[in-house]
Amino acid sequence: VQLVESGGGLVQPGGSLRLSCVASGFTFTNYRMRWFRQAPGKERELVAGIGGFGGFIVYADSVKGRFTISRDNAKNTVYLQMNSLKPEDTAMYYCYARISVEYWGQGTQVTVSS
């Protein structure tokens with residue numbers, strides 16, 4: 001199993017980024033996918049989750065109305081569209097799947113700063 005994130009970077013407050021996570025090594029449609037984030041000195045927190053066929057979407061209260069999770073099962077890819085970014089969104093963002101055990105990507109850094 002591999003989860004490979006991309007799309008992070010430095011963006012000004014109010015800006016947008018789209019994160020991608022390409023999955024391999026398992027039947028993608030069979031599993032819920034999640035995005036987590038971890039800021040320095042803070043615990044890792046769930047940002048958003050999506051079911052195998054795009055349903056059962058959940059968001060952290062802090063990102064509702066600004067972030068959108070989606071998936072393209074033909075590409076084995078899950079996305080996180082992040083709009084109206086705030087400095088407090090600065091964190092390492094991780095893709096996550098629980099197959100029989102937990103799998104994490106390597107993370108992609110998002111920095112929101114002027």
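Up top is the structure these notes are about.
Residues numbered from 1 in each chain as written. Predicted model: local features only at pLDDT ≥ 70, side-chain atom pairs only at ≥ 80, totals over all residues. Heavy atoms only, no water.

Description of the nonpolar core
Operational definition: For our purposes a nonpolar core is just a set of buried Ala, Val, Leu, Ile, Met, Phe, Trp, Tyr and Cys residues, chained together by side-chain atoms within 4.5 Å. Only protein chains enter the accessibility calculation, which uses a 1.4 Å probe; a residue whose area is less than 20% of its type maximum is buried, one above 50% is exposed, and one in between is partly exposed. By definition, any uninterrupted DSSP run of H or I lasting at least four residues is a helix, any uninterrupted run of E lasting at least two residues is a strand, and each is numbered from the N terminus. By definition in these notes, contact holds between two residues if any of their heavy atoms fall within 4.5 Å.
Residues Met33, Trp35, Val78, Leu80, Met82 and Tyr93 are the most contacted members of the largest nonpolar core, which totals 28 residues. At the level of secondary structure, the elements contributing two or more residues to this core comprise strand E3 (17–24), strand E4 (33–38), strand E5 (45–50), strand E7 (67–72), strand E8 (77–82), strand E9 (91–98) and strand E11 (108–112). If we skip the residues at most four places from it in the chain, Val78 touches Leu19, Ser20, Cys21, Phe28, Met33, Trp35, Ile50, Ile69, Ser70, Arg71 and Cys95.

Here's the deal with unusual backbone geometry
Although it is not a glycine, Phe56 adopts a positive phi angle of roughly 55°. Residue position: Phe56 is located in the loop between E5 and strand E6 (58–59). Classification of Phe56 by relative accessible area gives exposed; the value is 72%. Although it is not a glycine, Ser84 adopts a positive phi angle of roughly 50°. Under the relative-accessibility criterion, Ser84 is labelled partly exposed at 42%.

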